[in-house]
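Listed below, chain by chain, are the residues.
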There are 2 protein chains.
Amino acid sequence: MAIFTAKQHTMFSKACEYAIRATIYVAMRSLQDQCTNLKALAEEIGSPVAFTAKIMQQLVKHNIVYSVMGPTGGFQIEKRRVHKIKLSMIVNAIDGDAIYQGCGLGLEACNALEPCPVHDKFAKIRDDLKQMLETTSIYELATGLEVGMTYLKR
Amino acid sequence: MAIFTAKQHTMFSKACEYAIRATIYVAMRSLQDQCTNLKALAEEIGSPVAFTAKIMQQLVKHNIVYSVMGPTGGFQIEKRRVHKIKLSMIVNAIDGDAIYQGCGLGLEACNALEPCPVHDKFAKIRDDLKQMLETTSIYELATGLEVGMTYLKR
DNA sequence: TACATATAAGACAAAAAGATCCTAAACTCT
DNA sequence: AGAGTTTAGGATCTTTTTGTCTTATATGTA
């Protein structure tokens with residue numbers, strides 16, 4: 001159980017982690033005018049194939065990537081849209097906005113007028129996170145990957 | 001399912017949210033030399049009684065609060081220790097340290113030398129969060145509650 | 001048109017998180 | 001000592017998250 005074993009609650013859900021990794025990889029390939037099929041994608045980012053399929057379906061529904069069926073098909077992003085896709089769009093599509101909008105203690109009624117005890121302490125962290133997610137484009141992350149400055153595996 | 005319904009992945013697990021709220025309340029009562037029993041505690045922070053019991057057991061094991069059995073028993077914190085208890089101790093006891101130590105994309109091999117694409121973007125956020133959790137004492141949160149500046153319910 | 005290959009979509013399964021229940025152990029008070 | 005109250009701890013149940021499987025649908029190519 002969560003409480004008994006040393007849990008590791010992460011910033012994003014596993015699905016969201018896969019979604020970000022997948023989008024970055026698809027973006028890198030898109031910048032090279034390449035479509036990426038599911039199998040190769042899952043291989044490259046080290047994620048379960050069938051689960052990744054579900055996640056990609058969501059990204060397609062949220063217009064973050066588009067898909068092409070049939071042979072030579074796969075996932076791709078229009079080259080000119082890559083820089084318009086921000087981390088916040090992916091996080092929002094998969095995890096919702098609670099991580100950078102909600103109360104740190106999960107209180108419904110928490111706001112600036114009736115703050116929870118950690119409200120002010122978290123306000124800055126949350127705003128910084130929001131700012132970062134909303135200004136970081138997949139373009140910059142994909143190009144770092146392309147030139148071998150960053151890595152997606154393991 | 002997570003992917004289908006609009007999920008809300010939060011900063012901390014539910015258990016951790018309850019743990020923080022509970023510790024703040026017990027601390028406030030401890031500053032008034034009062035012991036807090038489980039039922040009253042759960043009532044005050046709006047959490048399920050039995051689940052809260054499990055969480056309190058963990059906090060006792062991690063020496064964050066101590067417990068007294070029998071009538072007039074409950075949970076308490078030594079007055080002189082209240083200011084020594086930091087948010088990080090609670091988060092660590094319940095959620096582990098991944099939120100402010102691990103890679104934003106969940107990659108095992110991610111570090112400054114072989115960074116994931118979002119590594120640098122997250123470094124600052126993570127460090128700020130860590131700093132805040134490690135420097136925020138339960139004392140200051142409990143006193144804000146005591147004077148009615150902050151609220152724990154709903 | 002037929003065939004091969006790729007994604008879409010739904011059902012299903014396993015694991016973890018969230019929550020409950022019951023009995024044991026500790027303690028206070030009479 | 002006995003009765004009643006409170007936390008400890010184990011077993012159990014439910015919901016959510018993570019992951020798999022099977023069938024349908026779309027598409028490129030011979």
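Treat the numbers as computed from the prediction; the structure is a model and nothing was measured.

Draft legend 1. Local environment of the packing of helix H1 (residues 14-31) of chain B against helix H3 (residues 49-61) of chain B. Residues and elements named next belong to chain B. Contact pair H1 / H3: the axes reach a minimum separation of 10 Å and the direction vectors enclose 70 degrees. In terms of orientation, H1 and H3 fall into the roughly perpendicular class. Contacts between H1 and H3 involve Ala15, Tyr18, Ala19, Ala22, Thr23 and Val26 on the former and, on the latter, Phe51, Ile55, Met56 and Leu59. Taken together, the residues of the contact of H1 with H3 sort by class into nine nonpolar, one polar and no charged.

Draft legend 2. How the structure looks around the relation of the copies chain B and chain A. Structural alignment of chain B on chain A gives an RMSD of 0.0 Å, achieved by rotating through 180 degrees and translating 0.0 Å along the axis. Classification of the inter-copy transformation places it as that of a two-fold axis. With an isologous cut-off of 70% or more, the 100% of interface residues of chain B that recur at the interface of chain A puts this contact in the isologous class.

Draft legend 3. Up close: the confidence of the model for chain A. Scored by pLDDT, chain A comes out at a mean of 94, with 95% of its residues at no less than 70. Confidence metrics for the complex model read pTM 0.95 and ipTM 0.94.

Draft legend 4. Spotlight on the interface of chain B and chain A. Across the boundary between the two partners, chain B contributes 54 residues, which contact 54 residues of chain A. Our count for the chain B to chain A interface comes out at five salt bridges. Linking Glu140 of chain A and Lys121 of chain B is a salt bridge whose minimum nitrogen-to-oxygen distance equals 3.3 Å. There are 18 residue pairs in polar contact (both at pLDDT 80 or more) connecting chain B and chain A. Of all elements in the fold, only H1, H3, helix H4 (87-95), helix H5 (98-101), helix H6 (119-135) and helix H7 (138-146) of chain B reach the threshold of two or more residues within the side of chain B that touches chain A. In terms of residues, the side of chain B that touches chain A owes the most to one element, H6 of chain B, which gives eight residues. For the side of chain B that touches chain A, a count of residues per class yields 30 nonpolar, ten polar and 14 charged.

Draft legend 5. Here's a closer look at the side chain of His119 of chain B. With respect to the element layout, His119 of chain B can be found in helix H6. Among residues more than four places away in sequence, those in contact with His119 of chain B are Cys110, Asn111 and Ala112 of chain B.

What counts as what
Residues numbered from 1 in each chain as written. Chains lettered and ligands numbered in written order. Predicted model: local features only at pLDDT ≥ 70, side-chain atom pairs only at ≥ 80, totals over all residues. Heavy atoms only, no water. Axes fitted to C-alpha atoms, helices over the stretch in contact; angles between N-to-C directions. Helix = DSSP H or I, 4+ residues; strand = E, 2+ residues; numbered from the N terminus. Parallel < 35°, antiparallel > 145°, perpendicular 65-115°, else oblique. Contact = heavy atoms within 4.5 Å. Nonpolar A, V, L, I, M, F, W, Y, C, P; charged D, E, K, R; others polar. Least-squares fit on C-alpha atoms with pLDDT ≥ 70 in both. pLDDT = per-residue confidence, 0-100. Salt bridge = Lys/Arg side-chain N within 4 Å of Asp/Glu carboxyl O. Polar contact = N/O pair within 3.5 Å; in protein donor to acceptor, adjacent residues only side chain to side chain.

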